[in-house]
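Residue-level structure breakdown
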Amino acid sequence: MWHQSVDWNYPTHIRVGPGRISELAGACEQLGIRAPLLVTDPGLAELPMVQRVLESLRGEKLAAGLFFAIKGNPCGENIEAGVDALRAGWHDGVISLGGGSAMDAGKAIALMAGQQRPLWDFEDAGDNYRRVDVDAMVPVIAVPTTAGTGSEVGRSSVITDTQARKKRIIFHPRMLPALVILDAELTLGLPATITAATGMDALSHNLEAFCSPSFHPMAEGIALEGMRLIRENLPRAVADGSDLGARQQMLVASSMGATAFQRGLGAMHALAHPLGALYDAHHGLLNAVLMPYVLQANRAAIEVPMARLARYLDLAHPGFDGVQDWILELRTEIGIPHSLEEIGIDNRQVEKVGRMAVADAAAGGNPIALDAAQYSALFERALRGVV
Ligand SMILES: [Zn+2]
């Protein structure tokens, strides 16, 4: 049924179906946007697709502008430049088109549109979000071109503070985009390696949310079905990039992962965040490699949810071992390396990685509270490939 065009209103307004990018001008109209700023990344900005989108918006008499001066990990300066562009063009809304970086940048630019305070005043700590002047925000339409981060349904942006050399999470409930378009045709051009790595990020979101000990049965249900979609569609999307049905299901599963992880993440992300910052490695690929080692470390606390997951996915073997076997087979099938060493990570900062992991916001969702030494030991096993 993936080929149906459907509209959902949970967790935000979502238009689902191939080709629905053509409805972008109408989506602007629905939100009262007359002059959208299209925020995308430099790689996408060069593609004819972005030019076509701009032309179609201008053809509908919308005063569309383009901003693409953002890094792979967007930084505070990128957001300031984007806000300048937004104000200079009298833009009254943002269209975030791209992968996680375009999503995060677009959402932060829309938040900052008319704020008087600096960006870091809204870092996700305590009730900092209350400092936001909600009337000074502009609406966001999010159009993902990768299936992984799920940032299109998230309420925060990860922005790099270049002076402090760390990533900060900027949060406000209203940063959830007002409208999302999940159009699988936009993901058809992704190479197999990126399809695999981003798809495993979506799996890690669903899986870590499912293992989190906090009480949130709604998120649990979403995570379970998200993992079923990934089991059935990620190998297909990697094997045949033109499989539109598999691509559409992966986009949905990606949004489901980010919806589910309001329940919490865990040690995969607690380690992937520092490793991404220290080694500039791909976020999804890090989670993909780390996955079986983290499951093994958490084993004592997750036997019950793993048994339920194995039953729901109808795996060959029951319980924890059934899930672990599936993860290891899936990684092999879609070409994910087995150890962190194989993706260029070394053992020179083992203690630092452990300290950073335990301090990471994602660590709080792990089913077992690991200390820095335990994170270091887990990291070393993933380095050497010892599950
Ligand atoms: Zn992730």
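Cut-offs used in this document
The written sequence of each chain sets the order in which its residues are numbered from 1. Per-residue local features of the predicted model are confined to residues with pLDDT of at least 70, and side-chain atom pairs are confined, for both listing and counting, to 80 or more; whole-chain, interface and lining totals are unaffected and use all residues. Side-chain numbers here rest on the full set of heavy atoms in the structure, without hydrogens or water. A run of H or I in DSSP becomes a helix once it reaches four residues, and a run of E becomes a strand once it reaches two; helices and strands are each numbered from the N terminus. The globule rule used for comparison is 2.2 Å times the number of residues to the exponent 0.38, while the radius of gyration itself is calculated over C-alpha atoms. Burial status follows relative accessibility: with a 1.4 Å probe on protein chains alone, a residue under 20% of its type maximum counts as buried, one over 50% as exposed, and anything between as partly exposed. By definition, residues are in contact when any of their heavy atoms lie within 4.5 Å. The accessible surface values rely on the Shrake-Rupley method and a 1.4 Å probe; as for residues, cover is taken only from the protein chains in view. Residues scored as charged are limited to Lys and Arg (positive) and Asp and Glu (negative), so that His and the chain ends carry no count. By convention, charge coordinates are those of NZ in Lys, CZ in Arg, CG in Asp, or CD in Glu. The start and end points of each domain follow an automatic or database-based domain assignment. A quick way to say it: buried area is the sum, across both parts, of accessible area lost when two parts are put together, with a 1.4 Å probe. Only one rule defines a salt bridge in this text: a Lys or Arg side-chain nitrogen within 4 Å of an Asp or Glu carboxyl oxygen. Under this definition, polar contacts are N or O atom pairs within 3.5 Å; protein pairs additionally need one hydrogen-donor-capable and one acceptor-capable atom, and for neighbouring residues in sequence, both atoms have to be side-chain atoms. Residue polarity is assigned by list, with Asp, Glu, Lys and Arg as charged and Ala, Val, Leu, Ile, Met, Phe, Trp, Tyr, Cys and Pro as nonpolar; anything else, Gly included, falls into the polar class. Pairs of strands are assigned from DSSP output, requiring at least two bridges between the strands. A donor here means any N, O or S atom no more than 2.8 Å from the metal (3.2 Å for Na, K and Ca); water is not included, so a site may seem to lack partners. Note on geometry labels: four donors, all angles 85 to 135 degrees, give tetrahedral; four donors become square planar and six octahedral when opposite donors are over 155 degrees apart and every other angle is between 65 and 115; remaining cases are irregular. Throughout this description, the term nonpolar core refers to a set of buried Ala, Val, Leu, Ile, Met, Phe, Trp, Tyr and Cys residues connected via side-chain atoms within 4.5 Å.

**Describing the overall build of the protein**
Within the protein, the regular secondary structure consists of 13 helices and nine strands. The C-alpha atoms of the protein give a radius of gyration of 20 Å, which matches the 21 Å a tight globule of 387 residues would have. Its C-alpha atoms give the protein principal-axis dimensions of about 60 × 45 × 35 Å. Looking at the 387 residues of the protein, the share that counts as buried comes to 56%. Sequence-distant contacts in the protein: of pairs separated by 6 or more residues, those separated by 24 or more amount to 76%. Accessible surface, the protein: about 16,100 Å² in total, of which carbon and sulfur atoms supply 52%. Each charge class in the protein can be summarised by its mean position, and for the 32 positive and 43 negative side chains these summaries are 3 Å apart.

**Observations regarding the domain arrangement of the protein**
Structurally, the protein comprises domain 1 (6-186) and domain 2 (189-384). Around 1,700 Å² of area is buried between domain 1 and domain 2 when both sides are counted, 63% of it from carbon and sulfur atoms. It is Ala 147, Gly 148 and Ala 184 in domain 1 that bury the most area against domain 2; as a group they hold 29% of the surface buried on that side. Summed over the shared surface of domain 1 and domain 2, the result is zero salt bridges. Counting the contacts that link domain 1 with domain 2 gives six residue pairs in polar contact (both at pLDDT 80 or more). For the side of domain 1 that touches domain 2, a count of residues per class yields ten nonpolar, seven polar and four charged.

**Describing the pairing of strand S8 (residues 166-171)**
Looking at chain direction, strand S7 (residues 156-161) and S8 are connected through six bridges and run antiparallel. Looking across to S8, one finds that Val 158 is bridged to Ile 169. Between S7 and S8, which pair antiparallel one after the other, the connecting turn spans four residues, and Arg 165 there sits at a positive phi close to 55°.

**Considering the environment of Phe 122**
Mapped onto the elements, Phe 122 comes out in the loop between helix H5 (100-112) and strand S6 (140-144). Residue Phe 122 is classed as buried on the basis of its relative accessible area of 0%. The sequence separation of Phe 122 and Met 112 amounts to ten residues, and the corresponding C-alpha distance is 9.7 Å. The contact partners of Phe 122, leaving out residues within four places of it in the chain, are Leu 111, Met 112, Gln 115, Arg 117, Asn 128, Arg 131, Val 132, Ile 169, Ile 170 and Phe 171.

**Notes on the environment of Ser 242**
Residue position: Ser 242 is located in the loop between helix H7 (217-239) and helix H8 (244-260). As for Ser 242 and Gly 150, which are separated by 92 residues in sequence, their C-alpha atoms are 21 Å apart. Of the polar contacts made by the side chain of Ser 242, one reaches the side chain of Asp 240; its length is 2.7 Å.

**Here we look at the coordination of the zinc ion**
Protein-derived ligands of the zinc ion are Asp 201 (OD), His 205 (NE2), His 269 (NE2) and His 283 (NE2), with the metal-ligand distances lying across 2.1 to 2.2 Å. Its four donor atoms give the zinc ion angles of 89 to 169° at the centre, a pattern that matches the irregular case. The sequence pattern describing where the donors of the zinc ion fall on their chain is D-x3-H-x63-H-x13-H. Taken together, the positions of Asp 201 in helix H6 (residues 192-211) and His 269 in helix H9 (residues 267-279) put the pair 68 residues apart, joining distant regions of the chain. Exposure remark for His 269: the relative accessible area of 2% places this residue in the buried category.

**Some details on the nonpolar core**
One finds Leu 207, Met 306 and Leu 340 to be the most contacted residues of the largest nonpolar core, which totals 77 residues. Broken down by element, this core gets its largest block of residues, 13 residues, from helix H10 (residues 283-313). With residues near it in sequence (within four places) discarded, Leu 340 still touches Leu 275, Leu 286, Val 289, Leu 290, Ile 345, Phe 379, Ala 382 and Leu 383. The next biggest cluster of nonpolar side chains, apart from the first, holds 25 residues, and it includes Ala 102, Ala 110, Phe 122 and Met 175.

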